[in-house]
Amino acid sequence: MSYPSFSVGEVLTAADMNAVGLWRTGGGTLSSSATNFAGCFSANYDAYRLVIVDLATNGTDPITIQLLSGTTPAATNYDYQRLFVQGATVGGGRSTAQTSMIIGYTATSIVQGFQYDIFNVFAAKRTQFYGGESYNDGTNINIEMTSGQHTTATSYTGLRVLCGANTFTSGKVMIYGYRQP
Amino acid sequence: MSKKLQITTHYSDGRPSETRDMTEEEEAAVLQLPKAEPKEQTDE
């Protein structure tokens, strides 16, 4: 097996392809006030990685996510614990039974990067989230981290990213499934 | 006339992406999203 370095024209065997750890299952560009990524979760994977690059909006509301059945969002039962460092200020917050899960904050024209892992989202079990966000608010480099859970034991097939009543002005979303052991 | 919020959908099965106006119910739900700012929680 030649993995992980392939030669030009080489036949990719099943063993080579089965050794690939992350498969892209969805993605696209953020736009509007909410963007759905429908059909990105399936029985093929138990864990997923959500990556968002260059996210920016024209407002200051939190960036949140909801799980989707088709294109219908689950809008209840998001619990989360947050840790953040803004300049010299270290803080935290806890919320339960929310309509969506905060994954980060935004401010006008500030570009940010996010990474979150999502566990058991397609299984009819509670879904866990863990990850964070990095951004510069013009004065400080900030850290935002969230550990969350959607407490409804239901299977979901997609993800919605929201920015309140504002509009996404940029943002590339990539969703990957972790290959099963 | 107020501008309607919009929602975009990308499909993993190859269907073309689409953008539409939110329904009144969807707009109301968006406006109920969590609002707490971290600095408001920690400012003294």
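Note that the structure is a prediction, hence the values are computed from the model and not measured.

Cut-offs applied
Residues numbered from 1 in each chain as written. Chains lettered and ligands numbered in written order. Predicted model: local features only at pLDDT ≥ 70, side-chain atom pairs only at ≥ 80, totals over all residues. Heavy atoms only, no water. Contact = heavy atoms within 4.5 Å. Buried area = accessible area lost by both parts, 1.4 Å probe. Salt bridge = Lys/Arg side-chain N within 4 Å of Asp/Glu carboxyl O. Polar contact = N/O pair within 3.5 Å; in protein donor to acceptor, adjacent residues only side chain to side chain. Helix = DSSP H or I, 4+ residues; strand = E, 2+ residues; numbered from the N terminus. Nonpolar A, V, L, I, M, F, W, Y, C, P; charged D, E, K, R; others polar. Pairing = 2+ DSSP bridges. Axes fitted to C-alpha atoms, helices over the stretch in contact; angles between N-to-C directions. Buried < 20%, exposed > 50% of the residue type's maximum accessible area, 1.4 Å probe, protein only.

Here we look at the interface of chain B and chain A
With 23 residues of chain B at the interface, the matching set in chain A holds 41 residues. Here chain B packs against chain A, burying approximately 2,200 Å² in sum over the two surfaces, 55% of which is carbon and sulfur. If you look at where chain B meets chain A, you find zero salt bridges. In this assembly, chain B and chain A are joined by eleven residue pairs in polar contact (both at pLDDT 80 or more). Looking at the side of chain B that touches chain A, the elements that each hand over two or more residues are β1 (6-11), α1 (24-30) and α2 (38-42) of chain B. At six residues, β1(B) tops the list of elements feeding residues into the side of chain B that touches chain A. When the residues that make up the side of chain B that touches chain A are grouped by side-chain class, the tally is ten nonpolar, nine polar and four charged. Alignment of strand β2 (residues 34-38) of chain A against β1(B), held across five bridges, turns out to be parallel. Bridge assignment links T35(A) to a residue of β1(B), and that residue is T8(B).

Overview of the sheet that holds strand β6 (residues 78-86) of chain A
All names here are of chain A. Read from one edge to the other, the open sheet built from eight strands follows the order β1-β13-β3-β9-β10-β11-β6-β7, with strand pairing classed as antiparallel. Of all the strands in the sheet, the pair left with one neighbour each is β1 (22-29) and β7 (89-98). Each strand of the sheet is rotated relative to its neighbour by a mean of 15°, with strand direction disregarded. Sheet topology note: the strand β9 (residues 112-119)/strand β10 (residues 127-136) ladder contains eight bridges and is antiparallel. Note that in β10 the partner of I118 across the bridge is F129.

Topic: the environment of Y105(A)
Its location among the elements puts Y105(A) in the loop between β8 (101-104) and β9. Between the C-alpha atom of Y105(A) and that of T57(A), which follows or precedes it by 48 residues, the distance is 10 Å.

Here's the deal with the pairing of strand β4 (residues 63-69) of chain A
All names here are of chain A. Burial runs high along β4: six of the seven residues are buried. Taken together, the three bridges between β4 and β8 define a ladder with antiparallel strand orientation. Along β8, the bridge assignment pairs I65 with M101. Of the strand pairs in this sheet, β4 and strand β12 (residues 158-162) are connected by five bridges, and their pairing is antiparallel. Counted as the bridge partner of Q66 is R160 from β12. As judged from the two bridges shared by β4 and strand β5 (residues 72-73), these two strands associate in the antiparallel manner. The partner of S69 across the bridge, within β5, is T72. Linkage of β4 to β5, two consecutive antiparallel strands, is achieved through a turn of two residues, within which G70 is found at a positive phi near 70°.

Shape is all these values report; function is a separate question.
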